[in-house]
Amino acid sequence: MARVRQVSEREATGAVERVYHELRRTMRVTGVDVSLRTWAAFPRFFVAMWEALGPSVETRAFEESAQGLWARTLEATVGWEVLGAWNAADLGPSQRFHARGILELYEAMQPRVALMVAAVRLALRGEPVGRGGRSGTVERVERGALPRMAAMEWAPERPPDARLRALYSDIVKRVGHPGVPGEYRALACWPEYLEAVWSRLGPVMRDEAYARATEGLRAVMRQKARDLPFEVALSRQRVTSLGEDADAVLRLTDALEERLPGLLVNLALMVQDVPDILRQPIPGAARLVPDWVAAKELR
Amino acid sequence: MNWRAWQRMQDVVELGDRFLSYVDLGDGPPVVLLHGIPTWGYVWSGLAAGLATTNRVLVPDLLGYGFSDKRDVFDRSVGRQAEALDAWMDRLGLVDALVVGHDVGGGVAQHLAVRFPRRVGRLCLVDSICYDAWPLSLMSLLGTPSATRRLSPERVGRLLRLALRWKGFETAPPDGVVEGLLAPYATEVGLVSLVRDAVALDTNQTRELAPRLGHVSVPTLLLWGEEDALLPARYGERLAWDIPGARLVQVPDARHFVMWDAPHAVATELFRFMELEVPVGRVFEAGTARPRRVEAELLFDSDAPAPA
């Protein structure tokens, strides 16, 4: 698959900038991750995707589905050998604080992204997605990142350090396109830790149990996506009618869906390697929305 | 010492929803070293270990700087920084410290001395912001919200490297120091944070202190690079006149980053100020060769008006 451009938060303008803002607030995270940034390279599709998915993403049901997916990911890796990268890396207390914050951030975000990607892929392939709920009938979660959530800080995409560039290249080769996943870009702020993680993940990713776990998670992702509270009105025809290359969008979405279960498993192994990490994101409080606002917001 | 080794030494303290990273070395009477913009605690890395032979040396990164909290959700003004440092010093049980502030850190130190006097046993301002001497033109350019869109981290990095090399130092600093000073701002989050830091630079924050500088009641040392063109030594003279009993030392052959241009002179003055002997044989990291001067200097000239 050809390299797909990512639209950074700095570069985003117009409708994409607006959607980035709404995504960060609705997903309750501090930044926009790689999967979404690559979708944004198709701006009209990106806006339509958000219009179709946004109403579901801000519901309690979506949050619970994402947490359920994460719980299944952790279950899938129970009994696996601990990575040992956390103890192996020579990090100071502040560096560990930052790295732990990044893992907590991705623990909160990556299952949400996985559900969104699975839903979009199913919709683009013509499968019905969502249960057709009505506005005002579903509990919504408050918007905005948790007060202590770490900033989504990434090492540059093309780092000056040749060793890190080689590591990036190996990561993409192994996990697949369209680019270095955000959690690895973030952990690249401490190259020795990323190296320790990646060198230990390599053998695990070649294992049969790993393949079984990722396949199982893919099925869970799709099932949970089908059960989203609102219908996801998106299709290849709709993408084409918006003037975007539907085949390219589908290829990209396929690639994202292909690699996300593996990224979840890897993340679970990294999280379980850290002794004092926050294992479950704090659930958001309910957001009370008057019916007339709900009806207006539900596009 | 390279910046990653310095970062590895950093500890962290959570202050409510914010966090602050700092280096804590040695034992003895506390010395708190504060950095300016666009740097972080690493700016003191050449001196900290030497001072730690007789003192407990604490080097925090201000909020929004270095590897302290860089999220885009709080005010980074000098006054707020002083409040955060008061909370941090409270957590660490620090009172009556020698507080040494460089550049913006000097502004924070002034706020600490005036508003939280029990934290400050002695005050040392090093090429410090004060009165209406700041912000400098380059920082004002950076300090517009749209700078996060107009400029990339790479471009800002290039510009600041140029500025620091050609205007900040009289002698070329050791290899990697300038890159290390700017390392925390090489990411997109870092750039946004640096822009917010620059947005927070406001003359009023030191102007409001000016009438109260006469109330500073602790021994005060003013250390100034004689060749500092960013915050010229005439401001040091003015502070020396306003702060009761303050002593101004102008360090020859030194510019804004006097701790790199003349580390022995700075260390000697600090030990003397603390009424301590300078440790024998202690070597402080210093630069060597004189840097090249270029026409580009014009861009980075201080645009501060002459004191009235």
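As a convention, each chain's residues are numbered from 1 in the sequence order in which they are written. Lettering of chains starts at A and numbering of ligands starts at 1, both following the order in which they are written. Residues qualify for local features only when their pLDDT is at least 70, as the model is predicted, and side-chain atom pairs are given and counted only at 80 or more; totals for whole chains, interfaces and linings, by contrast, use all residues. Here the side-chain values reflect all heavy atoms present in the structure, with hydrogen atoms and water set aside.

**Q** Explanation requested: the pattern of salt bridges in the structure shown.
**A** Side chains that differ in charge, positive against negative, can pair when their charged atoms come close. Residue and element names in this part refer to chain A. One speaks of a salt bridge when a side-chain nitrogen belonging to Lys or Arg is within 4 Å of a carboxyl oxygen belonging to Asp or Glu. If you walk through the whole model with that rule in mind, you get 39 salt bridges over all chains. One salt bridge in this structure joins Glu58 and Arg140, with 3.0 Å as the shortest N-O distance. On the criterion of sequence distance, the pair formed by Glu58 in the loop between α3 (43-57) and α4 (60-76) and Arg140 in strand β1 (residues 140-141) is long-range, its members being 82 residues apart. The buried label applies to any residue whose accessible area, calculated with a 1.4 Å probe on protein chains only, is under 20% of its type's maximum; exposed applies above 50%, and partly exposed to all values in between. Overall, the relative accessible area of 8% leaves Glu58 in the buried class. Between Arg112 and Glu63 there is a salt bridge, with its nearest N and O atoms 3.5 Å apart. In this pair, Arg112 is assigned in helix α6 (residues 93-124) and Glu63 in helix α4, connecting sequence segments 49 residues apart. In this description a helix means any DSSP run of H or I spanning at least four residues, a strand means any run of E spanning at least two, and both kinds are numbered starting from the N terminus.

**Q** So what exactly am I meant to see when it comes to the environment of Gly101 of chain A here?
**A** All names here are of chain A. Among the structural elements, Gly101 can be located in helix α6. What makes Gly101 buried here is its relative accessible area of 12%. The sequence separation of Gly101 and Met152 amounts to 51 residues, and the corresponding C-alpha distance is 9.3 Å.

**Q** Please explain the interface of chain B and chain A as it appears in this structure.
**A** Many authors give the size of an interface as the accessible area that is lost as the parts come together. Residue-level contacts link 26 residues of chain B with 30 residues of chain A. Each partner contributes to the roughly 2100 Å² buried at the junction of chain B and chain A, and carbon and sulfur atoms together form 46% of this total. Simply put, the buried area is the total loss of 1.4 Å probe accessible area from both parts when two parts are fitted together. If you sort the residues of chain B by the area they bury against chain A, Arg8, Arg71 and Arg149 of chain B come out on top, with a joint share of 30%. Our count for the chain B to chain A interface comes out at six salt bridges. We note a salt bridge from Asp90 of chain A to Arg8 of chain B, for which the minimum N-O separation is 3.8 Å. Within 3.5 Å is the distance limit for a polar contact, defined as a pair of N or O atoms, with the added protein rule that one can donate a hydrogen and the other accept it, and that residues adjacent in sequence qualify only through two side-chain atoms. Taken together, chain B and chain A are joined by 18 residue pairs in polar contact (both at pLDDT 80 or more). Residue assignment for the side of chain B that touches chain A shows that the elements contributing at least two residues are α1 (3-8), β1 (11-15), β2 (18-25), α6 (147-150) and α9 (188-199) of chain B. A per-element tally of the side of chain B that touches chain A places α9 of chain B first, with four residues. Gly is put with the polar residues, along with every residue not named as nonpolar or charged; the nonpolar set is Ala, Val, Leu, Ile, Met, Phe, Trp, Tyr, Cys and Pro, and the charged set is Asp, Glu, Lys and Arg. Residue classes in the side of chain B that touches chain A are distributed as nine nonpolar, eight polar and nine charged. Throughout, a contact is declared for two residues whenever any of their heavy atoms are within 4.5 Å.

**Q** Is there a simple way to explain empty space enclosed by the protein in this structure?
**A** Using a probe with the size of a water molecule, rolled over the atoms, empty space left in the structure can be pinpointed. Residues and elements named next belong to chain B. Here a cavity denotes a set of grid points, spaced 1 Å apart and computed over the protein atoms alone, in which a 1.4 Å probe fits but from which it cannot get out, and a pocket denotes an open set meeting protein on both sides within 12 Å along at least five of seven lines; residues with an atom within 4 Å of a point are reported as lining. Grid points are joined across faces, edges and corners, and a volume is the space filled by probe spheres set on the points. Counted by the stated rule, this structure contains six cavities of 30 Å³ or more. Empty space within the largest cavity amounts to approximately 240 Å³. When residues of the lining of the largest cavity are traced back to their parent elements, those giving at least two are α5 (137-142) and α7 (153-168). No other element matches the four residues that α7 contributes to the lining of the largest cavity. When its residues are assigned to classes, the lining of the largest cavity shows 17 nonpolar, two polar and three charged.

**Q** Sorry if this is basic, but what is going on with helix α11 (residues 233-242) of chain B here?
**A** Working note: α-helix, 3.6 residues per turn, so residues spaced by three or four point in the same direction. Residue and element names in this part refer to chain B. Taken together, the buried positions of α11 are Ala233, Tyr235, Gly236 and Leu239. Seen along its axis, α11 keeps its buried residues to an arc of 145 degrees; they face one direction. Structurally, α11 contributes buried residues whose contacts are with α4 (104-115), β6 (120-128), β7 (220-225) and β8 (247-251). Note: the arc covers the axis-to-C-beta directions of the helix.

**Q** What should I look at first to understand the sheet that holds β7 of chain B in this one?
**A** Within a sheet, neighbouring strands are paired by backbone hydrogen bonds and run either parallel or antiparallel to one another. Only strands that DSSP links by at least two bridges are regarded as paired with each other. Ordered in space as β1-β2-β4-β3-β5-β6-β7-β8 (chain B), the eight strands form an open sheet in which the pairing is mixed. The outermost strands of the open sheet, each flanked by one partner alone, are β1 and β8 of chain B. Within the sheet, the average angular offset between the axes of one strand and its neighbour, ignoring direction, is 20 degrees. Note that strand β3 (residues 30-34) of chain B and strand β5 (residues 97-103) of chain B share four bridges and pair parallel. Paired with Val32 of chain B across the two strands is Val99 of chain B, which belongs to β5 of chain B. Relative to β1 of chain B, α6 of chain A is tilted by about 55 degrees, and along the sheet it contacts β1 and β2 of chain B. In the packing of helix α3 (residues 78-92) of chain B onto the sheet, the strands contacted are β1, β2, β3, β4 (56-60) and β5 of chain B, and the crossing angle to β1 of chain B comes to about 115 degrees. Under this scheme, a helix contributes an axis fitted over its contacting stretch, all axes are lines through C-alpha atoms, and angles between N-to-C directions fall in the 0 to 180 degree range.

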